[in-house]
Amino acid sequence: LRHLLGIEGMDAQEIVALLDRAESYVAVNQAANKTSDLLAGRTVINLFFETSTRTRTSFELAGKRLGADVINMEVAWSSIKKGETLIDTAMTLNAMHPDALIVRAPDSGAVQLLSEKVNCAVINAGDGSHEHPTQALLDALTIRRRRGEIAGLKVAISGDVAHSRVARSNIHLLTTLGAEVRVIAPPTLLPSGIETLGVTAFTDMRAGLADCDVVMMLRLQTERMQGSYVPSIREYFRFYGLDYDKLAHAKADALIMHPGPMNRGVEIDSVVADDIDRSAIREQVEMGVAVRMGVLDALTRQAPTRATTGDVDGS
Ligand code: CP
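This structure is a prediction, so every number in the text was calculated from the model and none was measured.

Caption draft 1: Seen up close, the confidence of the model for the protein. When pLDDT is averaged along the protein, the result is 93; 95% of the residues meet or exceed 70. Note that pLDDT drops below 50 for residues 307-315; the model gives that stretch 11 contacts with residues more than four away or on any other chain. Here the predicted complex carries an ipTM of 0.99, next to a pTM of 0.95.

Quick look at the structure:
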């Protein structure tokens, strides 16, 4: 694996290998001494053009716990503000010989494009509404730890599917590992042709949740809805907010998940989000660090050091 740009195109063996590697870091993160020198001498740069709490912090922690030097580019204080492009910024950073660039970008496909211009590993930390591969991996690790196996599970992904990179990465991952995936959304937030990804689409939340093992909620991405219809919060919660009444249609022990950030009272009722037995939302955050340690390990530890790599075309 040279880059991690998306889950689409990965086979089950590659996904399971990353999950197994991440699993080996779960105990490390729970130990008193969490640091090692596995990536000593390696440099990782976080380059986030959109806001983030979980992904950026967990990549930083993951790199530091593995002994890498981690730089957080402050985009607000960078030369982007003087008109430098995302690609020129990445190529500038590449010239400083990092081993990995972790990139979040507002445009779908931007991280792939950038990966073609640099000769270090590139990890997609979310590009527009395209993919968020490490989120899908941490979701899968959480499910696997709670349920043992992903194959055969019925998973409902509910909310603003149209704008969700989390939904797309999870659809690719969960269908590849043999889960039955349903998507639930209002007609305006359900992309046409989504069934071609191997999922069943529902606009009635109760019907979509029927007999599900896992319920994954998504927030309304109003920042990506300029000029289009934005539902009223009260109306949205009534039909698509996860409360105990709607959850009763899923299996009695259905796992409640949310990638965050959550908007309580919009797509999920606060008491459901905080359900001690069934909500795995905090565990998802915990698995995020282990997954990002596994991914950094897989992409940079065995890679040749930058001193021995050639130019972009030749590497
Ligand atoms: N789930 C997720 O990507 O969260 P952040 O935007 O806080 O990184």
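Let's pick the thread back up.
Caption draft 2: Fine view of the side chain of Glu131. In this structure, Glu131 sits in the loop between β4 (121-127) and α5 (133-147). At 7.9 Å, Arg168 is the nearest oppositely charged side chain to Glu131, a buried residue that forms no salt bridge. Only 2.7 Å separates the side chain of Glu131 from the backbone nitrogen of Ile7, close enough to count as a polar contact. At 3.0 Å, the side chain of Glu131 forms a polar contact with the backbone nitrogen of Glu8.

Caption draft 3: The UniProt feature "binding site: L-aspartate" (unreviewed entry) in the protein, seen in detail. When the UniProt feature table is mapped onto this chain, "binding site: L-aspartate" (unreviewed entry) is found at Lys82, Arg165 and Arg219. For the residues just named, distributed over 138 residues, the greatest C-alpha separation reaches 32.5 Å, placing them at more than one site. On the secondary structure map, Lys82 appears in the loop between β2 (69-73) and α3 (86-94). Considering the arrangement of structural elements, one finds Arg219 in the loop between β8 (214-217) and α8 (233-240). Setting aside chain neighbours within four positions, we find Arg219 in contact with Asp160, His258, Pro261, Asn263 and Glu267.

Caption draft 4: View of the pairing of strand β6 (residues 180-184). Burial of β6 is extensive: four of the five residues sit out of reach of the surface. As paired elements, strand β5 (residues 154-158) and β6 share five bridges and run parallel to each other. Bridge pairing in β6 places Ile157 opposite Val183. Following the chain from β5 across helix α6 (residues 165-176) to the adjacent parallel β6, one finds a crossover that is right-handed. Relative to strand β7 (residues 200-202), β6 runs parallel, the two being bridged by three bridges. The partner of Arg182 across the bridge, within β7, is Thr200.

Caption draft 5: Spatial organisation of the UniProt feature "binding site: carbamoyl phosphate" (unreviewed entry) in the protein. The UniProt record annotates "binding site: carbamoyl phosphate" (unreviewed entry) at Arg54, Thr55, Arg104, His132, Gln135, Gly260 and Pro261. Following the sequence through the fold, His132 ends up in the loop between β4 and α5. For His132, a relative accessible area of 4% translates into the label buried. Excluding its chain neighbours within four sequence positions, the residues that come into contact with His132 are Thr55, Arg104, Ala125, Gly126, Arg165, Val166, Ser169 and Arg292. Mapped onto the elements, Gln135 comes out in helix α5. Gln135 gets classed as buried once you look at its relative accessible area, which sits at 5%.

Analysis parameters
Residues numbered from 1 in each chain as written. Predicted model: local features only at pLDDT ≥ 70, side-chain atom pairs only at ≥ 80, totals over all residues. Heavy atoms only, no water. pLDDT = per-residue confidence, 0-100. Contact = heavy atoms within 4.5 Å. Helix = DSSP H or I, 4+ residues; strand = E, 2+ residues; numbered from the N terminus. Buried < 20%, exposed > 50% of the residue type's maximum accessible area, 1.4 Å probe, protein only. Lys, Arg positive; Asp, Glu negative; His and termini not counted. Salt bridge = Lys/Arg side-chain N within 4 Å of Asp/Glu carboxyl O. Polar contact = N/O pair within 3.5 Å; in protein donor to acceptor, adjacent residues only side chain to side chain. UniProt positions renumbered as here; feature names shortened; annotations may be inferred. Pairing = 2+ DSSP bridges. Right-handed = clockwise from strand over helix to strand, strands pointing away.

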